[in-house]
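Breakdown of the fold
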Amino acid sequence: MKIGVIGTGYVGMVTAVGLADLGHNVIGTDKVTKKIEKASKGIVPIYEPGLGDLLKKNLKNGNLSFSPDLEETIRSSDVLFVCVNTPQRKDGSADMSFVEGVSRCIAENLNGYKLIVEKSTVPVRTSSWIKRTISLYKNKEYSFDVASNPEFLREGSALSDFLNPDRIVIGVESEKARNILLKIYKKYKEKIHITNIDTAELIKHASNSFLAMKISFINLISDLCEKTDADVEFVAKGMGLDSRIGKQFLKAGLGYGGSCFPKDVRALVKIGEDLGIGMKLLKEVDRINLARIDMFINKIKEALWILKNKKLAVLGLSFKPRTDDIRNAPSLNIIERLLEEESQLILYDPEAIENTKTYFPEKTKGIHYAESALEALTNANAALFITEWEEFKKLDLYKAKQLMSNPIIIDGRNIFEPDKVRKLGFEYYSVGRK
Ligand code: UGA
């Protein structure tokens, strides 16, 4: 059985490497030929711990190869995992044109039975459209099946999420498709959850939206904590000790970013509204999340009053630690707002500086890049912590204080212990606690 993986972005690359590591014969393809050239040489275009080593291992043992030729990949594969992106359109809905394009190409190159597996996050009922598209454009009388197998990996721990999954959701409507997918994932027999296709598609959007809701919920509670003597860290812990609630995704701070949660919450709102269902709950999740930026800017103003010409160290640019991804990162909105205030910003991140330079080029007025956290802090009027990188947790705060013009920390992710930082002589602002 030969598996083709179409699209080698985050999901596609991890899927290709992961399936090859499970012992399957995998070919990955992408319309960006540069990505394919690099991948063929064992170079991962993204920062993802462990991915490079596993890519090289599977290229070497012959389980994995890459080709820029989509048509050839389709013709030579029995199973096709569709991993192309489904970006957000202006109205919040998912742009499905790449999925449609791939479906047409599959139709035109059908040379035998094929199983087409949706791996990208797609709106419920997408499989019906893929089926219809392939039936409309296929030029030969070969049969095919469509299945849904949503991916739940997180950036930064993508490989271990793929190789040690909580569950594998499989949406199928034929015995043949079911058996093929059971064979592919035979190593994870106990973790497989088989449903119909609409259900599998919805599980993905529902899971991401639920996690986003948890984050907005704790952020709402953190606003309540700030108006009282409650401490959000202890509220979250106390809630999380109830196994029905669980302790994960209850970290208050600057809210969720990345390429998934913001987009998926809005897509589910649009899917529901198109079906005539009131989606106010999730709209509020989105609103609370966007308001985290105002919350943070207000804290900076509370500490510094006038922001014009203030030198601010911006520490953390990626949307979360262990990734160089800045898509929908809170840092971007915060930087834009501070530039409007005419602050002088010194940006630093352990991995995401190069990506940030494409967004805020080096010549941007008010923007400077530093090579270390301590360099960014030198002569700063305040330190703004935006991403909770391990490196920041271990920062020599004693040294930092000596380098800064004013010992002020505004911590958007509750990285530090308030008492400890204050003992060192810092004025310390954090989220949802005194
Ligand atoms: C998310 C899901 O966790 C994955 O299961 C899913 O496969 C993926 O989206 C996807 O759909 O592709 P990811 O976007 O990589 O993964 O990142 P998360 O670790 O979920 O974090 C999302 C955002 O929420 C980050 O900005 C993070 O800082 C924020 N967050 C997370 C909080 O603010 N508080 C928390 O308690 C947890």
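Residues numbered from 1 in each chain as written. Predicted model: local features only at pLDDT ≥ 70, side-chain atom pairs only at ≥ 80, totals over all residues. Heavy atoms only, no water.

Residues Phe296, Ile300, Leu315, Leu338, Phe385, Ile409 and Ile410 are the most contacted members of the largest nonpolar core, which totals 64 residues. A total of seven residues in this core trace back to one element, the largest contributor, which is helix α12 (residues 280-304). The residues contacting Ile409, other than those within four sequence positions of it, are Ala383, Phe385, Leu397, Phe416, Val421, Phe426, Glu427, Tyr428 and Tyr429. Ranked by size, the runner-up nonpolar core spans 37 residues in total, among them Ala20, Leu64, Leu153 and Val172. (Core = buried A, V, L, I, M, F, W, Y, C linked by side-chain atoms within 4.5 Å. Buried < 20%, exposed > 50% of the residue type's maximum accessible area, 1.4 Å probe, protein only. Helix = DSSP H or I, 4+ residues; strand = E, 2+ residues; numbered from the N terminus. Contact = heavy atoms within 4.5 Å.)

We now examine the site of the ligand. The ligand sits among 20 residues. The nearest are Phe152, Leu153, Glu155, Lys204 and Asn208. Between the ligand and the protein, one listed contact pairs an oxygen atom with a backbone N or O atom of Leu153 at 2.7 Å. Arg413 places a polar side-chain atom, nitrogen or oxygen, 3.5 Å from an oxygen atom of the ligand. Here the ligand loses 91% of its free accessible area of 720 Å² to cover by the protein chains. Among the elements that make up the shell around the ligand, the one with the highest residue count is helix α9 (residues 197-226) (three residues). (Near = heavy atom within 4 Å. Polar contact = N/O pair within 3.5 Å; in protein donor to acceptor, adjacent residues only side chain to side chain. Areas by Shrake-Rupley, 256 points an atom, 1.4 Å probe, with all protein chains shown as cover.)

Okay, the pairing of strand β12 (residues 382-385) next. Both faces of β12 are covered, namely the face carrying Ala382 and Leu384 and the face carrying Ala383 and Phe385. Examined bridge by bridge, strand β9 (residues 311-315) and β12 share four bridges and lie parallel to one another. For Leu315, the partnering residue across the bridge sits in β12 and is Phe385. Summarising the sheet, β12 and strand β13 (residues 408-411) pair through three bridges and their orientation is parallel. Considered in β13, the bridge of Leu384 is made with Ile410. (Pairing = 2+ DSSP bridges.)

Below, the discussion takes up unusual backbone geometry. Phi at Asn379 is positive, roughly 65 degrees, even though this residue is not glycine. By the element assignment, Asn379 lies in the loop between α15 (373-377) and β12. Residue Asn379 is classed as partly exposed on the basis of its relative accessible area of 44%. The residue Asn414 is not glycine, and still its phi comes out positive at about 50 degrees. Looking at the secondary structure, you find Asn414 in the loop between β13 and α18 (418-423).

At a minimum axis distance of 9 Å, the contact between α9 and helix α11 (residues 261-274) shows a crossing angle of 115 degrees. When you trace α9 past α11, the crossing you get is left-handed. When α9 is examined against α11, the residues Leu202, Lys204, His205, Ala206, Asn208, Ser209, Leu211, Ala212 and Ile215 are found in contact with a partner set consisting of Phe261, Asp264, Val265, Ala267, Leu268 and Ile271. Considered class by class, the residues forming the contact of α9 with α11 number ten nonpolar, three polar and two charged. (Axes fitted to C-alpha atoms, helices over the stretch in contact; angles between N-to-C directions. Left-handed = near helix turned anticlockwise from the far one by under 90°. Nonpolar A, V, L, I, M, F, W, Y, C, P; charged D, E, K, R; others polar.)

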